[in-house]
Amino acid sequence: MAFVEKSGNRIYLSPPHMGSEERELLLDAFDSNWIAPLGPHVDAFEVEMAKEVGVKHAAALSSGTAGLHLALKLCGVGAGDRVLVPSMTFAATANAVRYVGAEPVFVDCETQTWNMDHSLVAEELERTSKTGELPAAIITVDLYGQCSNYTAIEPLCERYGIPLIEDAAEALGASWEGRSAGSFGRFAVLSFNGNKIITTSGGGMLLSNDGAAIVHARKLATQARDPATHYQHSELGYNYRMSNLLAALGRGQLKALPDRVAARTTNFRFYEEHLAPVEGVTMMPIDERGTPNHWLTCIVLDPHSSPTSPEDVCHQLETQDIEARPLWKPMHMQPLYSGTRMLGGSVCEHLFANGMCLPSGSSMTDADRERVLAAFLGTR
Ligand SMILES: *Cc1c(COP(=O)(O)O)cnc(C)c1O
């Protein structure tokens, strides 16, 4: 039995996709009365995820955002610091920088992967190394399930001694030059939010080869209780741990990851086959050095040869009960971050103006894909 989310005939952008294994594990957690946060499924989920990604240690958390917050804290980033962040991302990446009192410096994306442009990073590091204003950390985002160019970014971070944090929230199951998303940087962060490739309804994970840092992360995530029978605290903690019930769900989801990546790759190939030949439509570029998980299939519409803007296309699809979305609105264009420093900007502004995400759920059927295709072609 499969528990595929269907609500009438609506095709969602990226709905949860549950299987029978998840149900059994969830019931096991329920029946064992491990309802309190923490428990055997949390421990097992951490071990299994660390192994999957090829990293030594992991801490299961209440969200990916919590993971970003803890990663920045553990890198010692604080008030007055600057952190390089790609402008083209979900707000959580930049917000975490503000949580620790630091300021993001936004970076444009490169055309090859839509991820942070390493040449702009290189220029900024070169310049700030001379003025003593080097950033305190760099956060890369593996956008829409494609890894950043770590071949270029890792050596830059090493050269200037800047900690790298990988926001792999969208990229579990992807890889770059044979290494898994979630294994780059001093810390990497995963999200299991409802729209991600695997989900615990809400949740996240912090990964690192630094065992002491992960032990510290678990402590910070449980209100930073000191080892004492009475309640004692000597540093500021948070309530950021994942519950045992949700970890049970996550373990079942993780087993299905290869299938989920395969299904989303099928979506991508289908759209590519039928849309790449269409005049004025360009697929999101895929760099051959990586293997994306194809979390979302994204396209760009050439404004000169496309009769309809991405926003209008989304509205028209909506009338047929099909959910599509524009690309992330760049952070430097957000009211919240107005006035923030931005390196470059024309690439992500162009993508935002002309790009969109197509329905990409792993439970899509052939008929669903055909329906989206027909609806999309009907807008032209
Ligand atoms: C979803 C997402 C997050 C946040 O994850 P949550 O688990 O929802 O807190 C962070 N960064 C990116 C790029 C995301 O897509």
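Residues numbered from 1 in each chain as written. Predicted model: local features only at pLDDT ≥ 70, side-chain atom pairs only at ≥ 80, totals over all residues. Heavy atoms only, no water.

A separate point is the domain arrangement of the protein. According to the domain assignment, the protein contains domain 1 (20-256) and domain 2 (258-377). The centre of domain 1, based on its C-alpha atoms, is set 25 Å off from the matching centre of domain 2. Taken residue by residue, the interface counts 45 residues in domain 1 and 39 residues in domain 2. Across the interface of domain 1 and domain 2, roughly 3700 Å² is buried in total on both sides, 60% from carbon and sulfur atoms. (Domains from an automatic or database assignment. Contact = heavy atoms within 4.5 Å. Buried area = accessible area lost by both parts, 1.4 Å probe.)

Here the focus is the side chain of T128. Along the polypeptide, T128 turns up in helix α5 (residues 118-131). Looking at T128, its side chain comes within polar contact range of the main-chain oxygen of E124, at 2.7 Å. If near-sequence neighbours (up to four positions away) are discounted, T128 is found in contact with E133, L134 and P135. (Helix = DSSP H or I, 4+ residues; strand = E, 2+ residues; numbered from the N terminus. Polar contact = N/O pair within 3.5 Å; in protein donor to acceptor, adjacent residues only side chain to side chain.)

One non-glycine residue, E177, lies in the positive phi region at around 45°. Looking at the element boundaries, E177 is found in the loop between β8 (175-176) and β9 (179-180). Note on E177: relative accessible area 48%, which makes it partly exposed. If you check the backbone angles, S201 has positive phi at about 75° while not being a glycine. Take S201: it is sitting in the loop between β10 (187-191) and β11 (204-208). (Buried < 20%, exposed > 50% of the residue type's maximum accessible area, 1.4 Å probe, protein only.)

Three or four residues apart is the spacing at which side chains of an α-helix point the same way, because the helix has 3.6 residues per turn. Between its terminal C-alpha atoms helix α9 (residues 257-275) stretches 27 Å, which fits the 27 Å expected from 19 residues at 1.5 Å a residue. Regarding α9, the residues found buried are L257, R260, V261, A263, R264, T265, N267, F268, F270, Y271 and L275. (Expected span 1.5 Å × (residues − 1).)

A separate point is the packing of helix α2 (residues 40-53) against helix α8 (residues 244-255). Where α2 contacts α8, the axes come no closer than 8 Å and their chain directions differ by 35°. Pair α2 / α8 crosses with left-handed handedness. Between α2 and α8, the contacting residues are P40, H41, V42, A44, F45, E48, M49 and E52 on the first element and N244, A247, A248, G250, R251 and L254 on the second. Looking at the contact of α2 with α8 residue by residue, the classes come out as eight nonpolar, three polar and three charged. (Axes fitted to C-alpha atoms, helices over the stretch in contact; angles between N-to-C directions. Left-handed = near helix turned anticlockwise from the far one by under 90°. Nonpolar A, V, L, I, M, F, W, Y, C, P; charged D, E, K, R; others polar.)

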